[in-house]
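# Architecture and fold: a report
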Amino acid sequence: MNAPTATSHLIPEIRQRNVPAALVDALKSRFGAQCSTALAVREQHGRDESSFEAPPPAAVVFAESTQDVADAVKLASQYEVPVIPFGVGSSLEGHLLAVQGGISLDLGRMNKVLSVNPEDLTVTVQPGVTRKQVNEEIKSTGLFFPIDPGADATIGGMSATRASGTNAVRYGTMRDNVLNLEVVTASGEVIRTGTRAKKSSAGYDLTRLFIGSEGTLGVITEITLRLYPLPEAISAAICSFPSIEAAVRTTIQIIQLGVPIARVELIDVNGVRMVNAHSKLGLREEPMLLMEFHGSPAGVKEQAEIVQEIAADHGGNAFEWATTPEERTRLWTARHNAYFAAIQSRPGCRAISTDTCVPISRLADCLLDSVREADASGIPYFLVGHVGDGNFHFGYLLDPTKPQEREVAEQLNVQLVSRALSLGGTCTGEHGVGLHKMDFLVTEAGAGAVELMRTIKRALDPKNIMNPGKIFSL
C-alpha cells in the first residue's frame, strides 16, 4: 500500500482568497440583518468538532429560502469567492473550515418540513431540519426516518456527508434513503436531481452524485426522504464481554447468520467507564454490545434468543433488556453521549476522532491490531463502533499543549486507516473525507478515479467556489 506515513499532510493547507469589500457590501445590501460580519458569529461558523483550526469566514449569510441561497451563490460566483454551507457544525473532519476564506452560508433557518406523504412513505424537508425534528413531525403517521448518526445533525448536512449511524446495518445510509434533491449549483441555478418515485432509469444518477459531495458541487436546499413503518415491537439489550475480541466475534457471527438485527454497537471498556461517569450510569465496565431488534413480537423474541445464544458461546454475560421507550432511550442516550463523555473525561483536551469500515469478515483483524497499537501508545482513547456493518471509530484525547501527543495520535490514525485499506476497507465509513482523509482517498480510489472526481468538480464548479480545499486539492 502507498498510504501516507508522515503526519504533515494532515495539517490543513490555508490559502486564503481575497474577499472584496464590494462583495460584503452587496451581501449586506441584499440580505440586511441576515448577513453578519461580527467576529463572534464568524468564529462560530469557522469551526466544527474536528481538532483543526483555520481563520473564520469573512461573512456569514443566514439563508431563509432557496432564493436566498441562489442569490448568495450568484454574488459569490461573480466575485469568485468560496461558499461553505453550514448546518449545525457537528462534522468531525474539518468540512466547515474556511481554509480558502469566503462566506459561510448558514442553512439552519431553512428548517421546515415541506410535505409528508405517508401513503408513499416519503417526506420532503428543507436542509436545516434535524433528524429528531423529522421524527417528531411524522410521529402521528406511524412512520419514522431511521438514519441516526448520533448527533442531532441537519438533514442537509447528513446528505452532504453521506451519513449513516447506528441503524445502518438494517436500514442503510443516506445514499439509500434520499430519493430527490433540490440543489443550487455553483452558478446559482436551481436544479432537481430526481422525483418521489422509488426508482428511476432516467439519465445519470445526480442524486447520488451530490450525496457525499460535502458541499463541493452545490448547496442542497431540499431533500425527499424514504420513511419506514414503525416496528410493531422493539427490544434493546446490552451484553458485556470478557474482551473486545469476544464482542467482535459475536457480532460477526450474528451478521453472517443473517439475523436481521437493527442495531449492534460496540463500546470498549474505556468508553463504558467514561459514559458511566458522564451519564451517572452503573454499566458493567467491560467491553459491551448495545443491540436493538425490530419486527413483530414473535420475530423480535426469536432474534433476541438467537443473539443471546451466540453471545453466551463467546462469554457474553449480564444481559440487560429494555423493552419500554424510556429504558431504550436511557441506553441509546448513553451511547450517543459517548463522544462528549470522553471529552469531559480529560478536561481541556481535544479529540481526534477517526473512522474506518471494513468487510465484516475482516473486522476482528482490523480492530484488534488497532486496539493493541492504541494501548501501547499511552494516549487516552475510546472506541465505539457500528460494528454490524464493519464501521468503527477511535477517539484519541489530546492535551493541546503537547504537540507530541498530536503526532502520536495522527500516526495511530495512519496505521489504522492503512490497515483498513489493506483489508479491503475504506478510509472513512461515514465521517467523510473533509480535510483529514484527503491523501487516503488517493490510496483507496486510485489517482485515476480521483482525477475523474476533479474533472467533475471542474465541470460543475469551474471557479472552484463550492467549499474548496475539501476531499481533494485542485
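Scroll up a little and you will see the structure.
To start, this report covers the structure provided alongside it. (Residues numbered from 1 in each chain as written. Predicted model: local features only at pLDDT ≥ 70, side-chain atom pairs only at ≥ 80, totals over all residues. Heavy atoms only, no water.)

Interaxial distance between helix H15 (residues 403-422) and helix H16 (residues 438-445) falls to 11 Å at its minimum, and their mutual angle equals 20°. Viewed along their axes, H15 and H16 adopt a mutual orientation that is roughly parallel. Crossing geometry of H15 relative to H16 is assigned as right-handed. Residues Asn 413, Val 414, Val 417, Ser 418 and Leu 421 of H15 touch H16, and the partners they reach there are Phe 440, Thr 443 and Glu 444. (Axes fitted to C-alpha atoms, helices over the stretch in contact; angles between N-to-C directions. Helix = DSSP H or I, 4+ residues; strand = E, 2+ residues; numbered from the N terminus. Parallel < 35°, antiparallel > 145°, perpendicular 65-115°, else oblique. Left-handed = near helix turned anticlockwise from the far one by under 90°. Contact = heavy atoms within 4.5 Å.)

Take the sheet that holds strand E18 (residues 391-398) next. Across the sheet, which stays open at both edges, the 7 strands sit in the order E15-E12-E14-E13-E17-E18-E16 with antiparallel pairing between neighbours. In this open sheet, the two edge strands, each paired with only one partner strand, are strand E15 (317-322) and strand E16 (350-357). Across the sheet, the axes of successive neighbouring strands diverge by a mean angle of 15°, strand direction being ignored. Of the strand pairs in this sheet, strand E13 (residues 263-267) and strand E17 (residues 381-386) are connected by 2 bridges, and their pairing is antiparallel. Residue pairing for E17: Ile 267 is matched across the bridge by Val 384. (Pairing = 2+ DSSP bridges.)

Another aspect to go through is unusual backbone geometry. One non-glycine residue, Asn 464, adopts positive backbone phi at about 55°. Along the chain, Asn 464 falls in the segment after helix H17 (447-460). The exposure class of Asn 464 is buried, given its relative accessible area of 15%. Phi angles above zero are rare outside glycine, and Ile 471 is one such case at about 70°. Structurally, Ile 471 can be placed in the segment after H17. (Buried < 20%, exposed > 50% of the residue type's maximum accessible area, 1.4 Å probe, protein only.)

Let us look at empty space enclosed by the protein. Gaps left between atoms are located by rolling a probe of water-molecule size over the structure's atoms. Scanning the entire structure with this criterion turns up 3 cavities of 30 Å³ or more. For the largest cavity, the calculated volume is near 60 Å³. The wall of the largest cavity is formed by 13 residues, among which Ser 50, Ser 51, Leu 92, Ile 352 and Ser 353 lie closest to the centre. In terms of residues, the lining of the largest cavity owes the most to one element, E16, which gives 3 residues. Here the residues of the lining of the largest cavity are counted per class, giving 5 nonpolar, 4 polar and 4 charged. In this structure, the second largest cavity occupies an estimated 40 Å³ of space. (1 Å grid on protein atoms, 1.4 Å probe; cavity = no way out; pocket = protein on both sides within 12 Å on 5 of 7 lines; lining within 4 Å. Points joined across faces, edges and corners; volume = space filled by probe spheres on them. Nonpolar A, V, L, I, M, F, W, Y, C, P; charged D, E, K, R; others polar.)

Viewed as axis vectors pointing N to C, H16 and H17 meet at an angle of 120°, and their least axial separation amounts to 6 Å. With respect to each other, H16 and H17 are oriented oblique. Between H16, through Leu 441, Val 442 and Ala 445, and H17, the contact on the second element is made entirely by Ala 447, Ala 449, Val 450 and Met 453. Class assignment of the residues belonging to the contact of H16 with H17 gives a composition of 7 nonpolar, no polar and no charged.

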